[in-house]
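Examination of the molecular architecture
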Amino acid sequence: MPALDEARRRDDLDPLAQYARQFATEGSIHLNGNSLGPPRGNLAAELDRVVSGQWAPRQVQAWFQDGWLELPRTVGDKLGTLLGAGPGQVLVAGETTSTTLFNALTAACRLRPDRPVLLIEAESFPTDLYIANSVARLLDRELVVESRAGFDEYLRDNGTQVAAALAAPVDFRTGERREIRPITALCHAVGAVSVWDLSHATGVLPVDLDANAVDLAVGCGYKYLGGGPGAPAFTYVPTRLQSTVDFPLAGWHGHAKPFAMTQTFIPADDIDRARTGTPPLLSLVGLNHALAPLVEVGIHELHRRSRDLGEFFLECLDGSRPELLDQLASPRDADRRGGHLALRIPQADKVESALADSGVLVDARPPDLIRFAFAPLYVTHEQVSRAADALCRAVEGGR
């Protein structure tokens, strides 16, 4: 078992391996953290602390006495440390990723009211394409959908017509990276607003929002962040845009004086203008709880660990079934990948099912992709070795 011995040796040398004991994985190997990560083992105790220790005895007064009203900003600032964003620029309003993207994309177009085009990559996550299409119809803009290469070319050749350009730093299918800095700089050069969907990057890849001068960004809380099923999404608005960005969803929590209960909406002059209605408190508590070890470790170590796990997975395949590497749909260079990679395997759904029967959780995407995600804190090298072995058996059994 040379691969397994080597895996254990690497885990022994890496202090981050100890974090896996904190998570309730129920004995499964979770290589689908780019869809939904497992909870930390003491999440139930944390929720009970809030329900029994705050909600039950204080009821509505807990909003003011226990910091509930500040949680959208408190959790946002914690996320900011992983996103390379200074305090007061990230908010978790409590909305879904779809709603948050709609809010940000509409606001981006409103920042350039005289420009007719909304630009998006064809390889975007389907929801992004659906929301972009809806925003374009709502605002009477032209939606231009371009391939990755065509996206850059369109910006260079027709950028003065573009109101907003939406892209993602990680391809949700293959894990291929998209560098944020050059695209954002190109947007600025032509006067377009850059919008980034960070859902498949947050918690596993440095995105350096402030340093890259990103205009607007959104992301979900349930993938690598492990905030739980349907965990609320976040919005990033840099300080330089907070007084001018005009969000379409004008809820009372986004008002400059929410408890004045006035009939006219006056937006807050800071990140609070991205708030909408009363936030889902328990979902915020779950996300806040999930962030603790991620913030403790820091994004650069998280990225390093994820990268190491992904490379070891490919080493294991090379040692046992090297022909599978010919099916790699992701870049071979680890620096060009996010936290997951994908293989093109015939009957991918059946292989996924066989892996699940072996206790290895992955996910298939049509027509023939299987994605393997290497979340840094609850996946170990030993698990990666066992998963690679299970994949080889599943592929062989499918023939």
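Residues numbered from 1 in each chain as written. Predicted model: local features only at pLDDT ≥ 70, side-chain atom pairs only at ≥ 80, totals over all residues. Heavy atoms only, no water.

Looking at the pairing of strand β5 (residues 162–167)
We apply this condition: Think of it in three bands: residues with accessible area under 20% of the maximum for their type are buried, residues over 50% are exposed, and the middle band is partly exposed, with areas taken using a 1.4 Å probe on protein chains only. Labels follow the DSSP assignment, with helices taken as runs of H or I lasting at least four residues and strands as runs of E lasting at least two, numbered in each case from the N terminus. For two strands to be treated as a pair, DSSP must find no fewer than two bridges joining them. Crossover handedness is defined here as right-handed if the route from the first strand over the helix to the second strand goes clockwise, with the strands pointing away from the viewer.
With six of six residues buried, β5 is to be regarded as a mostly interior element. Relative to β5, strand β3 (residues 117–121) runs parallel, the two sharing four bridges. The residue of β5 that forms the bridge with L118 is A164. Bridge count for β5 against strand β6 (residues 193–197) is four bridges, and the pairing is parallel. Opposite A167, over in β6, you have W196 as the bridge partner. The parallel pair β5 and β6 is bridged by helix α8 (residues 180–190), and the resulting crossover is right-handed.

Some points on the side chain of T202
Heads up, the condition is: We call two residues contacting when some pair of their heavy atoms lies within 4.5 Å.
Residue position: T202 is located in the loop between β6 and β7 (216–219). For T202, a relative accessible area of 2% translates into the label buried. In contact with T202, other than residues within four places in its own chain, are L79, L83, Y224, L225 and F234.

Notes on the packing of helix α10 (residues 299–320) against helix α12 (residues 381–397)
For any two helices packed against each other, the geometry comes down to the angle between their axes and how far apart the axes lie. Quick reminder of the rule: Simply put, an axis is a line fit to the C-alpha atoms, just over the touching stretch for a helix, and the angle between two N-to-C directions goes from 0 to 180 degrees. Crossing chirality is assigned from the near helix's rotation relative to the far helix, an anticlockwise turn below a right angle marking it left-handed and a clockwise turn marking it right-handed. Each residue gets one label: Ala, Val, Leu, Ile, Met, Phe, Trp, Tyr, Cys and Pro are nonpolar, Asp, Glu, Lys and Arg are charged, and the others, such as Gly, are polar.
Their axes nearest at 9 Å, the elements α10 and α12 cross at an angle of 35 degrees. Handedness of the α10/α12 crossing: right-handed. Residue-level contacts link R305, D308, L309, F312, F313, C316, L317 and S320 of α10 to H381, V384, S385, A388, L391 and C392 of α12. A class-by-class count of the residues in the contact of α10 with α12 yields nine nonpolar, three polar and two charged.

Observations concerning the domain arrangement of the chain
Quite often, the size of an interface is put as the accessible area lost when its parts meet. Quick reminder of the rule: Each domain's extent was defined by an automatic or database domain assignment. Accessible-area loss on putting two parts together, using a 1.4 Å probe and summing over both, is the definition of buried area adopted here.
Along its sequence, the chain is organised into domain 1 (2–41 + 298–398) and domain 2 (67–297). Taken over C-alpha atoms, the centre of domain 1 sits 29 Å from the centre of domain 2. The interface is formed by 35 residues belonging to domain 1 together with 28 residues belonging to domain 2. Summed over both partners, the interface of domain 1 with domain 2 buries about 2600 Å², with 61% contributed by carbon and sulfur atoms.

Comments concerning the packing of helix α2 (residues 43–58) against helix α9 (residues 281–297)
We count it as follows: The scheme is simple: roughly parallel for angles under 35 degrees, roughly antiparallel for over 145, roughly perpendicular for 65 to 115, oblique for anything else.
Taken N-terminus to C-terminus, the directions of α2 and α9 make an angle of 135 degrees; their axes are 10 Å apart at the nearest point. By the angle between their axes, α2 is oblique relative to α9. Read as a crossing pair, α2 and α9 show a hand that is right-handed. Here α2 contributes L43, E46, L47, V50, V51 and W55 to the contact with α9, which in turn contributes L281, L282, V285, G286 and H289. Grouping the amino acids of the contact of α2 with α9 by side-chain chemistry returns eight nonpolar, two polar and one charged.

Section: the sheet that holds β6
Taken in spatial order, the seven strands of this open sheet run β2-β8-β7-β6-β5-β3-β4, and their pairing is mixed. Of all the strands in the sheet, just β2 (90–91) and β4 (142–146) have a single pairing partner and so form its edges. Inspection of the sheet shows β3 paired to β4 by five bridges, in the parallel sense. For L119, the partnering residue across the bridge sits in β4 and is V144.

Let's talk about the pattern of salt bridges
We count it as follows: Every case where a carboxyl oxygen of Asp or Glu lies within 4 Å of a side-chain nitrogen of Lys or Arg is listed as a salt bridge.
Overall, the coordinates contain 31 salt bridges when judged by the stated rule. Of the charged contacts in the structure, one is a salt bridge between E176 and R148, with a shortest N-O distance of 3.7 Å. With E176 in the loop between β5 and α8 and R148 in helix α7 (residues 148–158), the pair connects residues that are 28 residues apart, well separated along the chain. A relative accessible area of 25% means that E176 is categorised as partly exposed.

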